[in-house]
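Observations on chain architecture
Listed below, chain by chain, are the residues.
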Amino acid sequence: MQCEMTARKDGRNADAEQAGGEFHWAFRADPGAVREALGRVVAWFSCQMSEDEAGTLELALAEVLNNVVEHGYAGLDPGPVNLCISRGPDGLSCRISDRGNPMPGLKLPDGEMQPVADEIEDMAEGGWGWAMIRELTRDLTYQRGDQSNCVSFRLPITPN
Amino acid sequence: MNLSSQEVDGAIVVHVNENRIDAAIAIQFKDRLREMTNGPGDRVILDMSRVDFVDSSGLGAIVSAMKFLAPTRKLELAALTPNVSKVFRLTRMDSVFPIHASVPLQGAGNAV
């Protein structure tokens, strides 16, 4: 895949801001826009890390962003989502903020990986999101601020 | 939602001609798969070779497909790419589905 940073030197694609190695992208909370945001992240970072690391980054972000779309803005008009990824000595720091509903109990879901049911008809068809996020990330935090939510985490990936 | 199917030795092989099964298309995927697996045959094999990303919504759609095919028919998966394989491993769903390394008799079956 072509490295987006290379393409960007031509100044043709200035939608995402790059300042001091940071990636910023703002969008409205809907599944199509999440898909586009993830595509931009992968295009941006894939040339700096292994496919496995890029896959981990995409999966962790997808689960947090899907949660914002499905639960954060549940019962509300889809509102803004801000995604910021910065590089540091300990890896990539990711921050996702939105202006949707607070997390229940003002805390992150526990996200225990649910046991696999013995019978097919009892199998869950969801509920893996936070368990995967917790397994894939480090330093996961949630803050409820001025009518906004902010989830942040670190991935121990050092981009090239 | 681009799925195609062929019959291979009595099994329905469904090729997922999309590179993602994610929250944006999970419902269409589930509905389309249900339509395509109405025919006879006790095995449905999902060819995942072109899919390089599945999130928990996509996984939920695959589990849902397994549930509506049961108890008479079994859903099996073939040719998981590394990132997709990781999702099945993390959620332990790799212990639920028979997973084949490659798509059986790819290209040799009769198109339906």
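Quick look at the structure, then. (Residues numbered from 1 in each chain as written. Chains lettered and ligands numbered in written order. Predicted model: local features only at pLDDT ≥ 70, side-chain atom pairs only at ≥ 80, totals over all residues. Heavy atoms only, no water.)

Turning to helix α3 (residues 82-90) of chain B, its buried residues are Val84(B), Lys86(B), Val87(B), Phe88(B) and Leu90(B). Buried residues in α3(B) make contact with α3 (51-72) and α4 (129-136) of chain A together with β5 (53-54), α2 (56-69) and β6 (74-78) of chain B. Arg92(B) occupies a position one or two residues after α3(B) and carries a positive phi of about 65°. (Buried < 20%, exposed > 50% of the residue type's maximum accessible area, 1.4 Å probe, protein only. Helix = DSSP H or I, 4+ residues; strand = E, 2+ residues; numbered from the N terminus. Contact = heavy atoms within 4.5 Å.)

For the rest of this paragraph, the subject is the pattern of salt bridges. A side chain with one charge can pair with a side chain of the opposite charge if their charged atoms come near. Evaluation of the coordinates by the stated rule reveals 10 salt bridges over all chains. Of the charged contacts in the structure, one is a salt bridge between Arg35(A) and Asp22(B), with a shortest N-O distance of 2.8 Å. With one member in each of two chains, Arg35(A) in helix α2 (residues 31-45) and Asp22(B) in the loop between β3 (20-21) and α1 (26-36) form a pair that bridges those chains. The class for Arg35(A) is partly exposed, based on a relative accessible area of 27%. Of the residues examined, Asp22(B) reaches a relative accessible area of 4% and is grouped as buried. Where Glu76(B) meets Arg43(B), a salt bridge forms, and the shortest distance between an N and an O atom there is 2.9 Å. (Salt bridge = Lys/Arg side-chain N within 4 Å of Asp/Glu carboxyl O.)

With that settled, the discussion passes to the packing of aromatic side chains. Scanning the entire structure with this criterion turns up three aromatic pairs over all chains. With centroids separated by 6.1 Å and ring planes inclined at 55°, the aromatic side chains of Phe23(A) and Phe45(A) adopt a geometry described as tilted. In this pair, Phe23(A) sits in strand β2 (residues 22-28) while Phe45(A) sits in helix α2, placing the two residues 22 residues apart along the sequence. By the burial criterion, Phe23(A) is buried, and Phe45(A) matches it. Look at Phe88(B) and Phe97(B): their rings are 5.8 Å apart centre to centre, the planes differ by 80°, and that puts the pair in the edge-to-face class. The same class applies to Phe88(B) and to Phe97(B), which are both buried. Through pairs of rings, three or more aromatic residues link up here, namely Phe23(A), Trp44(A) and Phe45(A). One cation-aromatic arrangement involves Arg34(B) over Phe68(B); the distance from NZ or CZ to the ring centre is 4.2 Å. (Phe/Tyr/Trp six-rings, centres within 6.5 Å; stacked < 30°, edge-to-face > 60°. Lys NZ or Arg CZ within 6 Å of the ring centre and 35° of its normal.)

Let us now look at the interface of chain A and chain B. Listed by partner, the interface residues are 26 residues for chain A and 26 residues for chain B. For the pair chain A and chain B, the summed buried surface comes to about 2,300 Å²; carbon and sulfur atoms form 62% of the total. It is Arg35(A), Glu125(A) and Trp128(A) that lose the most area in chain A upon contact with chain B, and together they represent 28% of the buried surface on that side. Between Asp52(A) and Lys86(B) there is a salt bridge; the shortest N-O distance is 3.1 Å. Applying the counting criterion to the chain A and chain B interface returns nine residue pairs in polar contact (both at pLDDT 80 or more). When contributions to the side of chain A that touches chain B are tallied by element, the ones reaching two or more residues are α2, α3 and α4 of chain A. In terms of residue count, α3(A) provides more of the side of chain A that touches chain B than any other element does, 10 residues in total. In terms of residue class, the side of chain A that touches chain B is made up of 12 nonpolar, five polar and nine charged. (Buried area = accessible area lost by both parts, 1.4 Å probe. Polar contact = N/O pair within 3.5 Å; in protein donor to acceptor, adjacent residues only side chain to side chain. Nonpolar A, V, L, I, M, F, W, Y, C, P; charged D, E, K, R; others polar.)

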